[in-house]
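Tertiary structure, described
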Amino acid sequence: MFDAIMIEKSEDGQTVKMTEVGADQLPEGDVLVDVAYSTLNYKDALAITGASPVVRSFPMVPGIDYSGIVVESAHSDYKPGDRVVLNGWGVGEKHWGGLAKQARVKGDWLVPLPDGISLRQAMAIGTAGYTAMLCVDALQKHGITPESGEVVVSGAAGGVGSVATALLAARGFEVAAVTGRMSETDYLKGLGAASIVDRAELSGKGRPLAKERWAAGVDVAGSTVLANMLASIKYRGVVAACGLAAGMDLPATVAPFILRGVTLVGVDSVNCPKAERLEAWEGLARDLDLAKLDAMTTEIAFSDVVETAPKFLEGQIRGRIVVPVSPELG
Ligand code: NDP
């Protein structure tokens, strides 16, 4: 038997508690993993609080990502002792996730952890950081270079935003960090932001087109923030959109697309094809400054996960949260 956080649902509503489960209760899969670290992402907070219907079947072990060591494998790519990382694929939503000491999954969902990244660093990065890498890769695949001009990042003090800021700076981009917490100016400059933009500038109802300000953007907010960002992107610029921290709506017009040739690229980490995942993790291993990663990481005890989750929805979390599930694994 081992510890797991379990979400259950009854007629009275949703309950979440630490409980004990056995390996025989784990869902189907061809690889059994001892979980070393998991994390808290925005989506985990939605699942644990029940604020949004993220969990599709109950009972559910939350945790959309984890790093760990393979214990048993019937998959040709993995053998006991291998270091692996898991992001997405509905884990923590429809398949038991990483906030448990063991997890069983399809080997096809796993990514071998690149050399140079520890099990803890893998979850300091987590799904938020891997998504940030997908966003930066998307901008570059669409032709954005440091010479194109400044890149704006919304929700910069959050998980995706912090890693995106550090990665863009590492790749030579000038970053304009948008935050609702101007008190985090020093933190954001420490990650490599060249300038700080008060979120209030992008939160109100804007015009279809505003002054051309940024060459590209990474947006975690959606709603008016994304609409105003699009209206302020330079001719032929690109925005990678991955989140909805401000809302799922998009009160924009087609003006940026048809008059300035702006491209809006959607970024999804959950069902992202394996080749792009491997590329993203290689990019993180190569380019992410691990000292900056440390600066943006806070560790919380496995037993404190449930009480910490609501803070995400209040926008109080800075950077990344790591959960040591079995840190003795390495
Ligand atoms: P965090 O909570 O760590 O960061 C979100 C940040 O957004 C906050 O820290 C805050 O930053 C900013 N923010 C909060 N409320 C608002 C608001 N009302 N308007 C504008 N900005 C706001 O979450 P994550 O970084 O983990 O995730 C960010 C978003 O990306 C979430 O919506 C999440 O669901 C999504 N996501 C999507 C993925 C995908 O596959 N598409 C994968 C991972 C995440 P600040 O205080 O600096 O303004």
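Residues numbered from 1 in each chain as written. Predicted model: local features only at pLDDT ≥ 70, side-chain atom pairs only at ≥ 80, totals over all residues. Heavy atoms only, no water.

1. Some points on the site of the ligand
Around the ligand, the structure places 26 residues, and the nearest of them are Val160, Thr179, Gly180, Arg181 and Ser269. The backbone of alanine 245 places a nitrogen or oxygen atom 3.4 Å from an oxygen atom of the ligand. Valine 267 places a main-chain nitrogen or oxygen 2.9 Å from a nitrogen atom of the ligand. Elements represented by at least two residues in the shell around the ligand include exactly helix 2 (119-141) and helix 3 (159-170). Here the shell around the ligand spans two domains, and each of domain 1 (2-113 + 300-329) and domain 2 (127-266) adds at least three residues to it. (Near = heavy atom within 4 Å. Polar contact = N/O pair within 3.5 Å; in protein donor to acceptor, adjacent residues only side chain to side chain. Helix = DSSP H or I, 4+ residues; strand = E, 2+ residues; numbered from the N terminus. Domains from an automatic or database assignment.)

2. Structural notes on the packing of aromatic side chains
Taken as a whole and assessed by the stated rule, the structure comprises two aromatic pairs. Aromatic side chains tryptophan 89 and tryptophan 109 sit 6.4 Å apart centroid to centroid with 15° between the ring planes, which places their arrangement in the stacked category. Within this pair, whereas tryptophan 89 is found in the loop between strand 5 (83-87) and strand 6 (102-105), its partner tryptophan 109 is found in the loop between strand 6 and strand 7 (110-112), the two being separated by 20 residues in sequence. Where tyrosine 130 meets tryptophan 281, the ring centres are 6.4 Å apart and the plane angle is 15°; that geometry is what we call stacked. Remark: tryptophan 281 occurs in helix 8 (residues 274-287) and tyrosine 130 occurs in helix 2; sequence separation between them is 151 residues. Among the residues examined, tyrosine 130 registers a relative accessible area of 0% and is labelled buried. Judged by relative accessible area, tryptophan 281 falls into the buried class, the value being 1%. Of note, arginine 318 hangs over the ring of tyrosine 187, and the distance from its end group to the ring centre comes to 4.1 Å. (Phe/Tyr/Trp six-rings, centres within 6.5 Å; stacked < 30°, edge-to-face > 60°. Buried < 20%, exposed > 50% of the residue type's maximum accessible area, 1.4 Å probe, protein only. Lys NZ or Arg CZ within 6 Å of the ring centre and 35° of its normal.)

3. Considering the domain arrangement of the chain
Partitioning the chain into domains gives domain 1 (2-113 + 300-329) and domain 2 (127-266). Here domain 1 and domain 2 have C-alpha centroids that lie 29 Å from each other. Domain 1 puts twelve residues into the contact, and the matching count from domain 2 is 14 residues. Interface of domain 1 and domain 2: buried area, both sides summed, is about 870 Å²; carbon and sulfur atoms make up 50% of it. Contact with domain 2 buries area across many residues of domain 1, yet Asn87, Arg318 and Arg320 alone supply 49% of it, more than any other trio. Between glutamate 184 and arginine 318 there is a salt bridge, with the nearest N and O atoms lying 3.0 Å from each other. Residue composition of the side of domain 1 that touches domain 2, grouped by class: three nonpolar, six polar and three charged. (Contact = heavy atoms within 4.5 Å. Buried area = accessible area lost by both parts, 1.4 Å probe. Salt bridge = Lys/Arg side-chain N within 4 Å of Asp/Glu carboxyl O. Nonpolar A, V, L, I, M, F, W, Y, C, P; charged D, E, K, R; others polar.)

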